[in-house]
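Analysis of the macromolecular model
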Amino acid sequence: MVGSPVRTALVTGGNRGIGFEACRELAMTGLRVVLTARDQGRGTRAAEQLRSEGWDVRFEVMDVASAESVIACAERLASNGVAIDALVNNAAIYPTDRFLATGEETMRETVETNLLGPFRTCRAFVPGMLARGYGRVVNVSSDIGSINAGVPGPAAYGITKAALHALTRRLAREVRGDVKVNAMSPGWVRTDMGGAAAPRSVEQACDTLVWLATLPADGPTDGLFFDRRPIPW
Ligand code: NAP
């Protein structure tokens with residue numbers, strides 16, 4: 001009897017917070033996981049932790065703010081015969097300035113990480129998904145990026161998350177076959193970014209993330225989700 005293939009998921013910013021828990025929970029569903037992080041030491045320790053819990057997790061360096069780093073990671077994986085079936089664009093930074101207090105350098109760094117990061121990883125891994133006829137892209141966004149809600153919250157962060165919504169919709173319309181491209185809002189979550197007062201756990205955040213990364217063929221695409229429910233862009 002032929003079983004279903006073991007899929008491989010790649011998570012950016014997997015060394016802490018929602019990304020780290022996503023690696024754990026994706027592995028718990030039976031996926032092989034590539035935990036990526038920009039720092040060799042932090043990434044290595046995070047992957048070792050998950051392997052010590054019994055999960056199939058390997059580490060690769062990837063700084064999403066660097067085109068060279070993303071391409072090099074994709075080339076290392078390809079040369080090791082690792083194909084990425086599910087891509088979780090989780091890495092992000094959160095500058096807190098208002099619009100008129102946001103400097104050019106802050107905006108540039110936020111665009112490099114929160115928008116060009118997912119742009120680069122999609123360009124690196126979605127062609128392989130299209131060639132194999134299967135893929136899941138999960139863009140971890142925020143309700144702060146909601147155009148409908150007026151892009152509330154910090155400026156550079158909200159603008160780049162709104163742009164991530166546009167990236168999601170545009171790519172979702174370009175892919176073919178069983179390739180799905182969705183975005184999600186994890187809510188306000190207790191991490192270094194969200195702070196200790198946040199009401200939601202990383203486990204709650206990852207429920208929708210893992211669901212989108214493992215959607216069946218008749219699952220949704222081109223959507224923005226919170227707690228598995230579609231929400232306005
Ligand atoms: P976090 O605790 O601050 O973790 C951010 C992760 O992104 C870290 O692993 C960090 O790595 C990584 N990262 C930052 N820049 C990177 C780069 N250039 N290359 C690779 N990795 C990079 O944040 P979080 O709360 O887990 O947030 C995860 C996602 O959820 C983000 O997309 C965020 O916007 C979204 N989100 C979070 C909340 C919340 O309340 N926490 C709410 C809405 C949306 P280092 O350790 O090297 O810095």
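Here we summarise the structure given alongside this text. Each chain has its residues counted from 1, running along the sequence as written. In keeping with the model being predicted, local features are shown solely for residues with a pLDDT of at least 70 and side-chain atom pairs are shown and tallied solely at 80 or more, while totals for entire chains, interfaces and linings include all residues. Side-chain metrics rest on all non-hydrogen atoms present in the structure, leaving aside hydrogens and water.

**Thoughts on the packing of aromatic side chains**
Note on ring pairs: Phe, Tyr and Trp rings are taken, using the six-membered ring of Trp, and paired if centres are within 6.5 Å. Classes follow the plane angle, with under 30 degrees stacked, over 60 edge-to-face and the rest tilted. This model, assessed by the stated rule, comprises two aromatic pairs. A ring pair is formed by Y94 and Y157, whose centres lie 4.6 Å apart and whose planes are at 85 degrees; its orientation type is edge-to-face. Remark: Y157 occurs in helix 5 (residues 155-174) and Y94 occurs in the loop between strand 4 (86-89) and helix 4 (104-132); sequence separation between them is 63 residues. The class of Y157 is buried, set by a relative accessible area of 6%. Centre to centre, the rings of W211 and F225 are 5.3 Å apart; their planes meet at 85 degrees, and the pair counts as edge-to-face. Residue W211 is located in helix 6 (residues 202-213), and its partner F225 is located in strand 7 (residues 224-226); the two are separated by 14 residues in the primary sequence. Both residues of the pair, W211 and F225, count as buried. As a reminder, the over-ring test applies to NZ of lysine and CZ of arginine, requiring each to be within 6 Å of the ring centre and within 35 degrees of the ring normal. The ring of Y134 has R7 lying over it, and the distance from NZ or CZ to the ring centre is 3.5 Å. Under the scheme used here, helices are H or I runs from DSSP no shorter than 4 residues and strands are E runs no shorter than 2 residues, and both carry numbers assigned from the N terminus. Each residue's exposure class comes from its accessible area (1.4 Å probe, protein chains only) as a fraction of the maximum for that residue type: buried when under 20%, exposed when over 50%, partly exposed otherwise.

**Here we look at the layout of surface pockets**
Any empty space left between the atoms is revealed when a probe the size of a water molecule rolls over them. Of the two site types, the cavity is a set of points on a 1 Å grid over the protein atoms alone where a 1.4 Å probe fits but cannot get out, and the pocket is an open set with protein on both sides within 12 Å along at least five of seven lines, each lined by residues with an atom within 4 Å of a point. Grid points are joined across faces, edges and corners, and a volume is the space filled by probe spheres set on the points. Taken as a whole, the largest pocket spans an internal volume of roughly 830 Å³. Taken together, 36 residues line the largest pocket, and the ones lying closest to its centre are N90, A92, I93, T191 and M193. Mapped onto the lining of the largest pocket, the elements with two or more residues apiece are helix 1 (17-28) and helix 5. Residues are grouped as follows: Ala, Val, Leu, Ile, Met, Phe, Trp, Tyr, Cys and Pro are nonpolar; Asp, Glu, Lys and Arg are charged; every other residue, Gly included, is polar. Residues of the lining of the largest pocket, tallied by class, amount to 16 nonpolar, 13 polar and seven charged.

**Let's talk about the environment of I231**
One can find I231 in the segment after strand 8 (229-230). Residue I231 is classed as partly exposed on the basis of its relative accessible area of 25%. Distance from I231 to C73, taken between C-alpha atoms, is 33 Å for residues 158 residues apart in sequence. Discounting residues that sit within four places of it in the chain, I231 has contacts with S185, L224, F225 and F226. Any two residues whose heavy atoms approach within 4.5 Å are treated as being in contact.

**Remarks on the pairing of strand 4**
Side chains of strand 4 alternate between two faces, with A86 and V88 and L87 and N89 buried alike. One ladder, built from three bridges, connects strand 1 (residues 8-11) with strand 4; its direction is parallel. Note on strand 4: the bridge partner recorded for A9 is A86. Only strands that DSSP links by at least two bridges are regarded as paired with each other.

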